[in-house]
Structure formats: C-alpha cells, structure tokens
Amino acid sequence: MSNQRQGLLTLNAGSSSIKFAVFTVPELKQLLIGQIDSIGSIAAFKAKSSDALINEKYEWSQQDAPQNHADALKWLIEWLNLRMANLKICAVGHRVVHGGQFYSEPVLINDDVLHQLESLLALAPLHEPHNVAGIKAARESFGEIAQVACFDTAFHRDQPFINDTFAIPRHFYEEGVRRYGFHGLSYEYISKNLPELFPEHAKGRVIILHLGNGASMCAIKDGRAVSSTMGFSALDGLAMGTRCGNIDPGVLLYLMEFKGMKAKEISDLLYKESGLKGLSGISNDMRTLEGSDQPEAKEAIDYFVSRVKREIGSLAMALGGLDAMVFTGGIGENSVNVRKAVLEGCEWLGVEIDEANNASGQTVISSEFSSVLCLRIPTNEEGMIAAHTLALSNLSIPTMSS
Ligand code: AMP
C-alpha cells in the first residue's frame with residue numbers, strides 16, 4: 001500500500017443520481033468518470049477510465065439497489081477501493097447548486113458551512129437537499145479528509161444590482177430574492193480558459209451559451225459575470241429539456257386561482273413537464289427531436305432557438321456590444337443545426353458563420369469576416385470542481401503556479 005498515489009474525487013449529487021470523477025493530485029489528470037442513476041428505484045452504475053481499461057456498467061436488482069445517496073456512495077467507495085486500489089482519495093469536491101448570498105467562492109466544508117447550506121434548502125428545493133445529502137454521506141464515509149463545496153451560483157455574485165434584482169419591493173432583495181444565476185462552474189471554466197486561447201477577446205464582451213438539458217446564457221465582461229438568463233431559480237430564461245424558461249407570472253396566478261393547482265403541481269409542471277418535452281409532446285432530448293419528422297418536434301426546436309436569439313439580443317445590450325460568443329453544454333457542443341440556426345439569426349450583429357467549421361465541430365465556427373468571434377468549447381465542470389478542491393485542501397504541494 002506504500003506506493004499509493006493521491007487522488008481527488010468530485011461528486012455531483014442530483015435528485016436520483018450521483019455523477020463522479022477521479023483526478024490525480026496534484027496534476028489533476030482525469031482518471032475516471034461515471035455515474036449512479038435511478039437511486040431509490042432500480043439503480044444503474046456506469047464508469048469509464050481515461051485509459052479505457054475500465055468500462056463498466058452494472059444494474060442492481062430491485063432488492064439490492066441502494067435506496068439513498070448514502071448507500072450509493074458507500075457502494076461507490078468500495079468499488080473505487082477495489083478498482084483503483086493504488087489510489088488514496090485525499091479530498092472530495094462537491095457541486096452545490098446554491099450558495100445563496102453567502103458564498104461567492106468555493107469553501108472548505110465544516111459543521112458551520114454544512115448548517116448554512118441546510119438553511120438554503122428552500123432556495124433550491126429540487127437540488128440542494130441532494131447536494132447536502134451527498135456531502136453528509138461523503139463526510140460519513142471519508143471521515144476527516146478535506147471536502148470542498150463549489151457553487152453554481154458563485155460566479156454570478158458580482159453582477160451589478162440592476163441585473164441582480166427583480167422590480168418588487170426592495171425588502172425581498174435584502175431577504176435573498178435575487179437573480180442568482182446558475183451553471184456558474186461551466187461559465188467559470190470557459191472564462192478561465194478563454195484568455196489562453198483568445199486573449200484579446202477574453203478581455204472583451206462575451207456571451208457564453210450553456211445549452212444542455214438545463215440551459216442558460218451569461219454575459220461576461222473581462223472575465224466577470226454581468227448578467228444571466230437564469231434568475232432566482234433554475235427555471236428562468238431559456239426553454240430547457242423539461243423546464244419552461246421565461247414565463248409570464250400571470251400564467252402562474254391563473255393556474256392557482258382558476259385551475260386550482262397547488263404549489264407542488266405547478267412545480268412539477270414547470271420543472272418536469274415543460275420546455276422541449278412539453279412543447280413537443282415527444283421528448284426532452286434534442287437529439288430525439290432533431291431525428292423526428294413530427295411538426296411538433298420542429299416547433300419545439302424553433303421555440304428553443306428563438307429564445308436563445310432573443311436572449312443574445314438582450315445580453316448584447318447589457319454588455320454594450322459583443323466581441324465573442326461561446327457555445328457549450330450537450331446541445332451547444334454537439335448540435336450543428338442549433339448552432340447554425342442561432343448564428344444565422346445573428347447576422348445583424350455582424351456574425352458570419354463558417355459552415356464547414358461548424359459542421360465539423362471546430363473551435364472557431366465564425367468566418368474570418370465575422371465581427372463577432374464564435375466558438376465551440378466543451379465545458380468541464382468536474383475539472384473546475386477538482387481545481388477548486390485542490391486549491392482549498394492543501395494537497396497542492398507543489399502548487400499549481402510554481
Ligand atoms: P447536457 O445536459 O449538457 O448533458 O446535454 C444534454 C442535451 O444535449 C440533450 O438534449 C441531448 O439530446 C443533447 N445532445 C447531445 N448530443 C447531441 C447531438 N449530437 N446532437 C444534438 N443534441 C445533442
């Protein structure tokens with residue numbers, strides 16, 4: 001056991017899943033990525049190592065399946081000990097959806113931090129409880145090693161007041177009813193990597209489009225967030241796989257007053273039954289919709305694209321112009337058609353697409369004549385969590401910069 005290497009684990013606990021990745025310390029080379037899905041019913045596990053030596057899938061039977069995050073994590077740790085016996089996990093980084101007003105940076109988790117996170121459950125009731133459950137389970141399983149919380153909201157905490165508030169009585173803002181914005185780890189990853197790739201543009205006015213099953217966009221100036229399409233919750237802004245995006249609040253009043261719908265029913269409607277799924281009546285999955293010849297599938301995609309285009313206009317105004325756009329997330333990285341439809345709607349901004357580069361998934365997808373540089377950059381939220389965790393957990397001897 002003396003030749004054990006140090007490793008770092010990242011965890012992203014969702015409502016019924018745990019996504020994980022393992023990195024070397026201090027190089028932060030990704031060794032393995034995987035997930036446990038359908039926790040609470042017939043759970044399934046998959047993991048793949050970067051060297052392709054591990055490529056495992058496993059489905060539990062109903063009676064053996066882990067029933068909660070703690071059980072699933074215990075199983076995962078045993079699996080890691082078995083499959084990666086020469087690796088000792090020395091720190092764990094957690095993706096945490098909401099850091100409220102308190103956290104504008106990642107934080108080393110202690111009892112006080114955990115209590116504070118528990119006080120934020122109401123701000124993200126569908127996600128935060130699972131993040132907290134993941135932290136508790138990891139503390140129980142790993143004991144004393146450093147654990148770090150990395151927040152999806154933290155990147156946006158710099159936003160100016162007018163982009164951070166709603167026009168409702170001011171005391172609500174003080175109480176924490178704010179435009180928090182999400183997908184911050186993805187935005188942070190892209191904006192930290194942009195200076196190396198395109199230093200001049202990185203200093204300028206940039207819109208990052210994180211288009212995945214969850215989708216949002218963020219306006220960034222000189223690497224700092226100015227405004228986001230997501231607001232108080234992860235519902236606002238773009239239409240998503242199953243989430244509605246921007247909606248007139250009058251619709252919610254109507255549903256409550258005249259359709260007698262309760263909060264839980266409205267929550268399920270807006271989070272789980274709307275967006276691409278609700279509009280198409282077919283699927284929440286962009287690939288499925290792109291492969292469908294049903295008119296409703298096309299209408300759902302058209303709606304998605306049209307909201308992206310409107311938000312580009314809005315965010316370009318918030319920035320006072322536009323120097324670059326970056327597509328990322330499952331749809332942004334992979335859908336040639338969505339990128340093309342969006343960019344062809346931006347010609348009035350001086351955007352000119354390079355069709356061949358877009359079709360072959362190059363990094364630069366705008367032509368040399370485009371006044372806005374358009375890019376396709378795969379995001380790496382796990383890598384960002386790993387970097388923060390390393391930095392905060394005192395494992396970085398030698399440090400990254402030395
Ligand atoms: P994410 O939540 O970032 O994993 O993104 C998931 C979304 O990306 C789903 O709607 C997928 O259908 C979509 N996606 C993944 N690959 C492709 C592809 N090749 N073409 C179109 N959409 C894709």
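In this text, all values refer to a predicted model and were calculated from it rather than measured experimentally. (Residues numbered from 1 in each chain as written. Predicted model: local features only at pLDDT ≥ 70, side-chain atom pairs only at ≥ 80, totals over all residues. Heavy atoms only, no water.)

Enquirer: Describe the environment of Arg224, listing the residues and the values that go with them.
Expert: Of note, Arg224 is situated in strand β11 (residues 224-228). A C-alpha to C-alpha distance of 20 Å links Arg224 and Arg95, two positions 129 residues apart in sequence. Those residues in contact with Arg224 that lie beyond four places of it in its chain are Asp158 and Ala219. Here the side chain of Arg224 touches Asp158 through a polar contact of 2.7 Å, side chain to side chain. (Helix = DSSP H or I, 4+ residues; strand = E, 2+ residues; numbered from the N terminus. Contact = heavy atoms within 4.5 Å. Polar contact = N/O pair within 3.5 Å; in protein donor to acceptor, adjacent residues only side chain to side chain.)

Enquirer: Explain the pattern of salt bridges to me, and be specific about the residues and the numbers.
Expert: By the definition in use, this model includes 20 salt bridges. Glu344 is the salt-bridge partner of Lys340, the closest N and O atoms lying 2.9 Å from each other. Of the two residues, Lys340 and Glu344 both sit in helix α14 (residues 336-344), 4 residues apart, roughly one turn of that helix. One network of salt bridges, in which partners are shared, links Arg95, Asp152 and Glu381. (Salt bridge = Lys/Arg side-chain N within 4 Å of Asp/Glu carboxyl O.)

Enquirer: Quick one: what's the story with the sheet that holds strand β8 (residues 146-151), residue by residue and with numbers?
Expert: One open sheet holds the 8 strands; their spatial order is β5-β4-β3-β2-β1-β6-β8-β7, and the pairing between them is mixed. What marks the edges here is a single partner per strand, and that holds for β5 (55-59) and β7 (107-108). Across the face of the sheet, helix α3 (residues 128-142) comes into contact with β1 (5-13), β6 (87-96) and β8 while running at roughly 160 degrees to β6. (Pairing = 2+ DSSP bridges. Axes fitted to C-alpha atoms, helices over the stretch in contact; angles between N-to-C directions.)

Enquirer: Tell me about the sheet that holds strand β9 (residues 205-211), and name the residues and values.
Expert: As summarised here, the arrangement of the 5 strands in space is β11-β10-β9-β12-β13, forming an open sheet in which the pairing is mixed. Edge positions in the open sheet fall to β11 and β13 (373-376), since each of these has one partner strand only. Across this sheet, the average inter-strand angle for adjacent strands is 25 degrees, counted without regard to direction. Of the pairings in the sheet, the one linking β9 to strand β12 (residues 324-328) comprises 5 bridges and is parallel in character. Residue pairing across strands places Ile208 opposite Val326, the latter belonging to β12.

Enquirer: Which residues make up the pairing of β12, and what are the values?
Expert: Burial analysis of β12 places 5 of its 5 residues in the buried class, the great majority of the element. In this sheet, β13 lies alongside β12 in parallel orientation, the contact comprising 4 bridges. Along β13, the bridge assignment pairs Ala324 with Leu373. (Buried < 20%, exposed > 50% of the residue type's maximum accessible area, 1.4 Å probe, protein only.)

Enquirer: Which residues make up the packing of helix α2 (residues 111-118) against α3, and what values go with them?
Expert: Think of two packed helices as two axes; the pair is described by the angle between the axes and how far apart they sit. Running from N to C, α2 and α3 cross one another at 155 degrees; their axes reach a closest spacing of 10 Å. Judged on the interaxial angle alone, α3 and α2 are roughly antiparallel. In the crossing of α2 with α3, the sense of the turn from one axis to the other is left-handed. Judged by residue contacts, Asp111, Leu114, Leu117 and Glu118 of α2 engage Glu128, Val132, Ile135, Lys136 and Arg139 from α3. (Parallel < 35°, antiparallel > 145°, perpendicular 65-115°, else oblique. Left-handed = near helix turned anticlockwise from the far one by under 90°.)

Enquirer: How would you sum up the site of the ligand? Please name residues and give values.
Expert: Around the ligand sit Gly212, Asn213, Asp285, Met286, Arg287, Glu290, Gly329, Gly330, Ile331, Asn334 and Ser335, and those are all the residues in its vicinity. Between the ligand and the protein, one listed contact pairs an oxygen atom with a backbone N or O atom of Arg287 at 3.0 Å. For the ligand, an oxygen atom lies 3.3 Å from a polar atom in the backbone of Ile331. Starting from 500 Å² of accessible surface for the ligand in isolation, the protein chains cover 71%. The leading source of residues in the shell around the ligand is helix α13 (residues 329-334), at 4 residues. (Near = heavy atom within 4 Å. Areas by Shrake-Rupley, 256 points an atom, 1.4 Å probe, with all protein chains shown as cover.)

Enquirer: Go over the side chain of Ser370, please, and point to the residues and values.
Expert: In this structure, Ser370 sits in the loop between α15 (355-359) and β13. Looking at Ser370, its side chain comes within polar contact range of the main-chain oxygen of Val372, at 2.6 Å. The residues contacting Ser370, other than those within four sequence positions of it, are Gly350, Val351 and Glu352.

Enquirer: Account for unusual backbone geometry, naming residues and giving values.
Expert: That bond from Val25 to Pro26 is cis: its omega, 5 degrees, falls within 30 degrees of zero. Within the element layout of this structure, Pro26 appears in the loop between β2 (18-24) and β3 (30-37). Of note in the backbone geometry, Ser38 takes a positive phi value of approximately 55 degrees without being a glycine. Looking at the secondary structure, you find Ser38 in the loop between β3 and β4 (44-49). Looking at Ser38, the relative accessible area reads 32%, which means it is partly exposed.

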